[in-house]
Amino acid sequence: TGYEFEYLKVNGSTVTTTASGNSRTYTFSITQNTTYEYAFTPIKYAVTVSKTGSGTITPSSNTTADYDSTITFAATAATGYTFTNWVIVNNGTSQTYTTSSVNITVKGAITATATFTINKYTITTAVASGGGGSVSAGGTYNYNTSVSLTATPNDHYQFVSWTISTGGTSTVNPVTFNATANVTYTANFALKKYTLTIQSNNIAYGTVTNAMSNSSQNALSSFTSNATAMNGYRFVGWIDSAGVTVTTSNLLEITLTQNSIYTAVFERASIAVYATIGGEARICGYDVENLTGSIHLSAVTYSGYKFLGWYVGDTLLSDKMSVDLQISSINGSIIIAKFAVNSASANVNDSLNNV
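Everything quoted here is computed from the prediction, not taken from an experiment.

A. Inspection of the environment of Val 87 at higher detail. By secondary structure assignment, the location of Val 87 is in strand β10 (residues 81-90). For the pair Val 87 and Thr 115, spaced 28 residues apart in the sequence, the C-alpha separation amounts to 8.2 Å. Excluding anything up to four places from it in sequence, Val 87 contacts Ser 94, Gln 95, Thr 96, Thr 111, Ala 112 and Thr 113.

B. Structural context of the sheet that holds strand β32 (residues 279-284). Ordered by their spatial adjacency, three strands build an open sheet running β32-β33-β36, and the pairing between neighbours is antiparallel. The sheet is open, and its two edges are formed by β32 and β36 (322-326), each paired on a single side. Neighbour-to-neighbour, the strand axes of the sheet open up by a mean angle of 25°, direction not taken into account. Relative to strand β33 (residues 294-301), β32 runs antiparallel, the two being bridged by six bridges. When the sheet's bridge partners are listed, Arg 282 is paired in β33 with Ser 298.

C. Representation of the environment of Asn 154 within the structure. One can find Asn 154 in the loop between β18 (151-153) and β19 (157-164). Placed 37 residues apart in sequence, Asn 154 and Leu 191 show a C-alpha to C-alpha distance of 9.2 Å. The residues contacting Asn 154, other than those within four sequence positions of it, are Gly 132 and Gly 133.

D. Molecular detail of the packing of aromatic side chains. Inspection of every chain in the model, using the stated rule, returns 17 aromatic pairs. Consider the rings of Phe 73 and Trp 86, whose centres lie 5.6 Å apart with planes at 55°: the pair is tilted. Placement of Phe 73 in strand β9 (residues 70-77) and of Trp 86 in strand β10 is noted, with a sequence separation of 13 residues between them. Trp 86 carries the same exposure label as Phe 73, and that label is buried. Clustering of aromatic rings is evident, with ring pairs tying together Phe 159, Trp 162, Phe 177, Tyr 185 and Phe 189. The ring of Tyr 7 is capped by Lys 9, whose NZ or CZ atom sits 5.0 Å from the centre of that ring. A cation sits over an aromatic face here: Lys 338 above Tyr 311, 4.4 Å from the ring centre.

The rules we used
- Residues numbered from 1 in each chain as written.
- Predicted model: local features only at pLDDT ≥ 70, side-chain atom pairs only at ≥ 80, totals over all residues.
- Heavy atoms only, no water.
- Helix = DSSP H or I, 4+ residues; strand = E, 2+ residues; numbered from the N terminus.
- Contact = heavy atoms within 4.5 Å.
- Pairing = 2+ DSSP bridges.
- Axes fitted to C-alpha atoms, helices over the stretch in contact; angles between N-to-C directions.
- Phe/Tyr/Trp six-rings, centres within 6.5 Å; stacked < 30°, edge-to-face > 60°.
- Buried < 20%, exposed > 50% of the residue type's maximum accessible area, 1.4 Å probe, protein only.
- Lys NZ or Arg CZ within 6 Å of the ring centre and 35° of its normal.

Structure (structure tokens):
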């Protein structure tokens with residue numbers, strides 16, 4: 001089994017034989033001393049090799065092998081691939097081998113197939129503990145597949161860098177790379193920087209706390225400032241860089257969301273004194289230039305009327321007809337001396353007397 005007849009020599013000469021199945025017959029008459037020499041050789045069988053995936057195999061091409069000889073099949077995976085198995089059919093019998101190198105004794109025609117499997121890698125994405133944005137999802141990718149990751153900052157944040165678990169950083173966004181290993185890309189975000197100015201329109205008129213000029217500050221930071229008018233001046237309100245009034249409260253409270261300028265507006269104070277029907281309002285001791293000290297107010301009641309008091313809006317300052325008031329407490333105020341009818345015979349001829 002596994003061999004075939006090669007030749008028969010009689011006294012050194014090759015003779016013709018008759019085949020009969022697996023035998024050879026030569027018929028002769030004995031006429032002398034005779035030497036017979038015969039030879040059998042192993043049958044050569046086809047060895048067919050192939051592969052799936054990427055790698056090298058031995059034998060690298062189809063060949064032949066003698067019966068009962070040993071042939072070594074070896075496989076080496078290419079970068080990014082892993083050897084999976086050999087499937088070898090030997091004389092009609094199939095067997096799977098998971099070792100990359102295997103020795104086979106030839107018993108017939110052989111078909112050998114090596115399988116290489118492409119490596120798959122897990123790409124993981126994350127946001128650094130400080131937060132500030134989001135990242136596109138990772139996933140599983142075949143070896144050398146192009147991967148693109150995008151980091152998206154939240155409002156008032158900016159992308160800073162990627163931290164790469166296999167080493168190094170990248171400031172490119174989106175970042176593109178080929179999958180060659182399991183790796184985590186962590187996006188780092190930081191608050192944007194905005195410039196902030198808090199100022200007085202004239203420090204001779206009034207001052208502000210926490211004043212600053214074109215100061216670089218983190219976005220979303222909170223700031224407060226209080227405006228205080230100098231003697232003779234009054235606070236009007238806070239305005240922004242567009243001249244829009246932010247608040248008329250002395251206390252400014254802001255959260256920084258853009259480059260901003262906040263200006264406390266002060267102006268020279270003025271005091272107006274009026275009288276309603278029924279009397280007159282008189283004023284003295286008024287320092288027009290500096291608006292300091294106090295003013296003296298006195299009321300004169302017309303016949304048929306009575307004095308109600310000195311008012312700012314609906315607020316009663318004093319019910320005394322003659323009163324001294326500190327200017328610092330009434331800067332920018334409109335003071336009204338209010339009178340009411342005390343007799344039906346009152347002569348009413350106007351609504352307000354300006355003093």
